[in-house]
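Survey of secondary and tertiary structure
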Amino acid sequence: LFFHCGLFLSLAETHFSAFSAAPYVLRISCGARSDVHSPPSNTLWYKDFAYTGGIPANATRPSFITPLLKTLRYFPLSEGPENCYNIDRVPRGHYLVRIYFGLVAEPSFDNEPLFDISIEGTLVYSLPSGWSNHDDERAFVESLIFLKDGTASLCFHSTGHGDPAILAIEILQIDNRAYYFGKGYGQGTILRTYNRLSCGAKSPKFGADLSADHWGGDRFWNALSTTGQSSDVLTTANGIKSASQAPNFYPEALYQSALVSSDAQPDLTYVMEVEPNRNYSLWLHFAEIDPSVSGAGERVFDILLNGGVSFRDVDVALMAGGVDAALVLNTTIAVSGRTLTLALHPTKGSRAIINAVELFELVAAESKTMPDEIGALQKLKSTLGLPLRFGWNGDPCVPEEHPWSGIDCQYDRSLGKYVIDGLGLGNQGLRGSLPQHISLLRHLQSM
């Protein structure tokens, strides 16, 4: 069962997609010249395609989380400041998009490139220094996004700190109502995965390792064996009611382990590092698997976020309809500092319990540039033979941090799109005639 800010919803009632067919799945092994299968599950990765440039090379995997693939594609600055994968024929729908980073397996290369990643024109991630030294989610960036025009555009923007290097790409369809968080859902908001924690688990696992439904998007769950304070691990082999249901399809195994607070330290507290001045969607998972609790009223606790009560008098057995039954709570919180502190404070019974935690950053999607104006610029690029160093891949105006060189953009509120109002290609040694398509730049003011 799912509760959004205290409101009861039946997962079956929120589900409107038909699952007669398997979800759309596309996995690309970047740099690979033929299709490959990766152990241990014999996962199929298609050979490299749909890239705008770059160079294939042997790869070094930065993390045990990274798929067992041997190649990558890197994008030297000489081929432009932005390069992309533009993937066509992607069915309209809701997707989990995951991009794995890699290291070029040559001593002459910078061991840790730092660059920006955008999906559908929206900047979703900037690689932090030290990312390659962590065996956790920093080996990839993952976002939940609605793709509505039959394509997926994934771009990598140089920041002057090494060449972007991409090991693999996954585009996995999920339910159209997955991770519904209330106002703004599906209306220009991207969920960037910040953290997924399986409490009490012995080791990190993907959905495939947990026998999860394919409509769940093969999510990665890191293991949280302790909150850093006094806590105990609980596990059960009992079946969990209400698990693996639409629209989120959480695997049953997620609820078969938990952390509980101790009698000496009844509050269960966990501190997560976050980026300041952002909005986050928090999903908390519970199942009453403690054999010492037989029913409702025996364990009740408040849930506090950064000191404020977000959920009061949580009785898992009552709200889930009994013991060994899944309960999901969701809320959105604005965080101004660099930490988000989750605290479970018992009000009846002496110990709190939690099975899993998910945290997403809410990212406002950028408005794109008018498609016909992008087409006109691409025609201009090919006609004039622009040098590779110009790039001119992806969207010319977004992300705003990485506009195309020589392009001036203006946001047109009446269109809800960006338009091109200036071209500055002088002193570049370019020759040739302007193509007829230049007439499609209807908002051009200067050239």
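For the structure given in this document, a descriptive report is provided here. (Residues numbered from 1 in each chain as written. Predicted model: local features only at pLDDT ≥ 70, side-chain atom pairs only at ≥ 80, totals over all residues. Heavy atoms only, no water.)

This part takes up the pattern of salt bridges. Considering all chains together, one arrives at 16 salt bridges under this definition. For R27, the salt bridge is made with D218, and the minimal N-O distance between the two is 3.6 Å. With R27 in strand β3 (residues 25–29) and D218 in the loop between β17 (205–206) and β18 (220–224), the pair connects residues that are 191 residues apart, well separated along the chain. Overall, the relative accessible area of 14% leaves R27 in the buried class. Residue classification places D218 among the buried residues on the basis of a relative accessible area of 18%. Note that E358 and R196 form a salt bridge whose closest N and O atoms lie 2.8 Å from each other. Pair noted here: E358 is in strand β28 (residues 356–364) and R196 is in strand β16 (residues 189–199), with a separation of 162 residues, a long-range link. (Salt bridge = Lys/Arg side-chain N within 4 Å of Asp/Glu carboxyl O. Helix = DSSP H or I, 4+ residues; strand = E, 2+ residues; numbered from the N terminus. Buried < 20%, exposed > 50% of the residue type's maximum accessible area, 1.4 Å probe, protein only.)

With that settled, consider the sheet that holds strand β14 (residues 151–161). Here we have 4 strands laid out as an open sheet, ordered β8-β14-β11-β12, and antiparallel in their pairing. The outermost strands of the open sheet, each flanked by one partner alone, are β8 (82–88) and β12 (122–126). Pairs of neighbouring strands in the sheet enclose a mean axial angle of 20°, with direction left out of account. Two elements, β8 and β14, share 7 bridges in a ladder whose sense is antiparallel. By the bridge assignment for β14, C84 is matched with C155. (Pairing = 2+ DSSP bridges. Axes fitted to C-alpha atoms, helices over the stretch in contact; angles between N-to-C directions.)

On the secondary structure map, K148 appears in the loop between β13 (140–147) and β14. We classify K148 as partly exposed; its relative accessible area is 48%. Separated by 54 residues in the primary sequence, K148 and H94 have C-alpha atoms spaced 8.6 Å apart. Residues in contact with K148, not counting those within four places in the same chain, are R92 and G186. Among the polar contacts listed, one links the side chain of K148 to the backbone oxygen of G186, at a separation of 3.5 Å. (Contact = heavy atoms within 4.5 Å. Polar contact = N/O pair within 3.5 Å; in protein donor to acceptor, adjacent residues only side chain to side chain.)

A few words now on unusual backbone geometry. In this model, A246 is joined to P247 through a cis peptide bond whose omega is 5°. Across the junction of V398 and P399, the peptide omega takes the value 0°, indicating a cis bond. Within the secondary structure, P399 is located in the loop between α3 (371–384) and β29 (407–412). One non-glycine residue, S244, lies in positive phi territory at about 55°. For S244, the position within the fold is in the loop between β19 (231–235) and β20 (257–261). Of note in the backbone geometry, W392 takes a positive phi value of approximately 55° without being a glycine.

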